[in-house]
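# Residue-level structure breakdown
So the chains spell out like this:
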Amino acid sequence: MEKSRPYVILSAAISIDGKIATRTGKSNLSSRKDLVRVHNLRKSVDAVLVGKNTVNVDDPLLTVRYVKGKNPIRIILDSKGSLSIKSNVVKTAKKIPTMLVVSENSSKNVKKFTTKGVQVIRCGKKKIDIKKLLKILGKKGIKKIAVEGGGTTNWYFFKEKLVDEIVVTITPYVLGGSTAISLVEGVGFGKISNSFKLKKIEKIQNEIVLHYMS
Ligand SMILES: NC(=O)c1ccc[n+]([C@@H]2O[C@H](COP(=O)([O-])OP(=O)(O)OC[C@H]3O[C@@H](n4cnc5c(N)ncnc54)[C@H](O)[C@@H]3O)[C@@H](O)[C@H]2O)c1
Ligand SMILES: Nc1nc(=O)c(N)c(NC[C@H](O)[C@H](O)[C@H](O)COP(=O)(O)O)[nH]1
């Protein structure tokens, strides 16, 4: 691992059949107990990162609420800068540090975000250059981040081999649906080569939490 970039933990909940949401975008898969674990993870990292669709569909706060602890910085990847100004992350950006990452080609006026307290970072020409972004975050003193999806965002991190640890909860649901989002979307790998080492298995009632390391 390059020292200059933050340590990346990919965190998600999946159904038995590997989906992270229903075909209609419902993604509250984890039990309360598992969410307590997720919030303990959030308080242990410097930043939590998600893609724009996750913000648009879930309208999350990405805060530490189920346990006591410091909120991580929130980072949203949104190449076009088309995030809703009415989203919870934007509305609370003056209280909780929030970064919006857009590509250099995005012509959208980002002032509407900066006036709400959102810090805007431009990184990568058309797509967001994740490697470059992690270097920028490292320079800002961010040492550890939790990537919380969705499937498209997860793919970009796996594609660039930037995932150091995976924490995935298998929840007791079968969701099905060819359009329902899986843990990893994108083009996908053509070869079976990207293996991780299984380090820990936890059983939380009806759920299994798997911890893998690169
Ligand atoms: N169960 C879970 O653990 C979990 C976690 C998060 C999200 N979800 C679900 O996932 C679904 C959303 O997933 P998704 O795959 O559609 O979208 P996503 O949340 O990964 O967002 C994708 C968008 O993020 C931006 N983006 C991400 N990486 C980029 C890059 N390298 N360059 C440029 N732009 C980039 C782009 O705007 C892209 O369209 C929602 O239904 C949400 O509820 C589930
Ligand atoms: N481990 C995990 N279990 C889930 O059931 C779930 N939906 C996520 N998903 C992470 C993603 O970032 C979601 O948007 C947040 O779960 C919503 O975040 P908040 O509750 O507002 O903090 N992660």
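Because the structure is predicted, anything quoted here is derived from the model rather than measured.

This brings us to the layout of surface pockets. As a volume, the second largest pocket reaches approximately 250 Å³. Looking at the second largest pocket, the residues that line it are Trp155, Phe158, Ile166, Leu183, Val184, Gly188, Phe189, Asn194, Ser195, Phe196 and Tyr212. Within the lining of the second largest pocket, the residues separate by chemical class into eight nonpolar, three polar and no charged.

Another aspect to go through is the environment of Thr171. The residue Thr171 is located in the loop between strand E7 (165-170) and strand E8 (197-204) in this model. Since its relative accessible area comes to 0%, Thr171 is described here as buried. The sequence separation of Thr171 and Gly25 amounts to 146 residues, and the corresponding C-alpha distance is 16 Å. Ignoring anything within four residues of it in the chain, the contact list for Thr171 reads Ala13, Ile14, Ser15, Ile16, Leu29, Ser30 and Glu207.

If you check the shell around ligand 1, you find 27 residues, and the closest are Thr54, Asp58, Glu148, Thr152 and Thr153. Residue Ile20 places a main-chain N or O atom 2.9 Å away from a nitrogen atom belonging to ligand 1. A distance of 3.4 Å separates an oxygen atom of ligand 1 from a polar atom in the backbone of Leu77. Its free accessible area being 860 Å², ligand 1 has 90% of it covered by the protein chains. The leading source of residues in the shell around ligand 1 is helix H2 (residues 52-58), at five residues. Of the residues assigned to the shell around ligand 1, the class counts are 11 nonpolar, 11 polar and five charged.

With that settled, the discussion passes to the UniProt feature "domain: Bacterial bifunctional deaminase-reductase C-terminal" (unreviewed entry) in the chain. UniProt records the feature "domain: Bacterial bifunctional deaminase-reductase C-terminal" (unreviewed entry) at residues 6-210, using the numbering of this structure. Within the segment residues 6-210, helix and strand shares are 23% and 24% respectively, and the terminal C-alpha atoms sit 22 Å apart.

For the rest of this paragraph, the subject is the site of ligand 2. Taken together, 17 residues lie near ligand 2, and Ser27, Ser30, Arg42, Leu61 and Arg65 sit nearest. At 2.6 Å from an oxygen atom of ligand 2 is found a main-chain nitrogen or oxygen belonging to Leu61. Measuring from an oxygen atom of ligand 2, one finds a side-chain N or O atom of Glu148 at 3.1 Å. For ligand 2, whose unbound accessible area comes to 510 Å², protein coverage reaches 86%. Among the elements of the structure, strand E1 (7-14), helix H1 (32-44) and H2 are those that each provide at least two residues to the shell around ligand 2. Class assignment for the residues of the shell around ligand 2 results in eight nonpolar, five polar and four charged.

Now for the packing of aromatic side chains. Applying the stated criterion across every chain, the model contains two aromatic pairs. Arranged with centres 5.8 Å apart and planes meeting at 85 degrees, the rings of Phe158 and Phe196 form a pair that is edge-to-face. Note that Phe158 is positioned in helix H6 (residues 151-159) and Phe196 in the loop between E7 and E8, a separation of 38 residues in sequence. Among the residues examined, Phe158 registers a relative accessible area of 7% and is labelled buried. Cation over ring: Arg65 sits above Tyr66, and NZ or CZ is 5.7 Å from the ring centre.

What counts and how
- Each chain carries its own residue numbering, running from 1 in the written order of its sequence.
- Each chain takes a letter, starting from A, and each ligand takes a number, starting from 1, following the order in which they are written.
- In view of the model being predicted, local features appear only for residues whose pLDDT reaches at least 70, and side-chain atom pairs are presented and counted only at 80 or more, with totals across whole chains, interfaces and linings using the full set of residues.
- Note that water and hydrogens are dropped before the side-chain values are worked out from all heavy atoms of the structure.
- Buriedness of a pocket was judged along seven lines, with at least five required to meet protein on both sides within 12 Å; pockets are open sets of points on a 1 Å grid over the protein atoms alone, cavities are sets where a 1.4 Å probe fits but cannot get out, and lining residues have an atom within 4 Å of a point.
- Grid points are joined across faces, edges and corners, and a volume is the space filled by probe spheres set on the points.
- Gly falls in the polar group here, along with every residue not listed as nonpolar (Ala, Val, Leu, Ile, Met, Phe, Trp, Tyr, Cys, Pro) or charged (Asp, Glu, Lys, Arg).
- Secondary structure elements are taken from DSSP: a helix is a run of H or I of four residues or more, a strand is a run of E of two residues or more, and numbering for both begins at the N terminus.
- Residue burial is assigned from relative accessible area. The probe radius is 1.4 Å, only protein chains are included, and a residue is buried under 20% of its type maximum, exposed over 50%, and partly exposed in between.
- Should any heavy atoms of two residues lie within 4.5 Å, those residues are counted as being in contact.
- Proximity is defined per residue: if any heavy atom of the residue lies within 4 Å of a molecule or strand, that residue is considered near it.
- Two N or O atoms count as a polar contact when they lie within 3.5 Å, although within protein this holds only if one can serve as hydrogen donor and the other as acceptor, and sequence-adjacent residues are included solely when both atoms are side-chain atoms.
- Computed with a 1.4 Å probe, the accessible areas rest on the Shrake-Rupley method; for each residue, only the protein chains presented here act as cover.
- UniProt positions are given in the numbering used here, feature names are shortened, and annotations may be inferred rather than shown by experiment.
- In this analysis, rings of Phe, Tyr and Trp, with Trp reduced to its six-membered ring, are considered paired at centre separations within 6.5 Å, and the interplanar angle assigns stacked below 30 degrees, edge-to-face beyond 60, and tilted for intermediate values.
- Throughout this description, the term charge over a ring refers to an Arg CZ or Lys NZ atom that lies within 6 Å of the ring centre and within 35 degrees of the ring normal.

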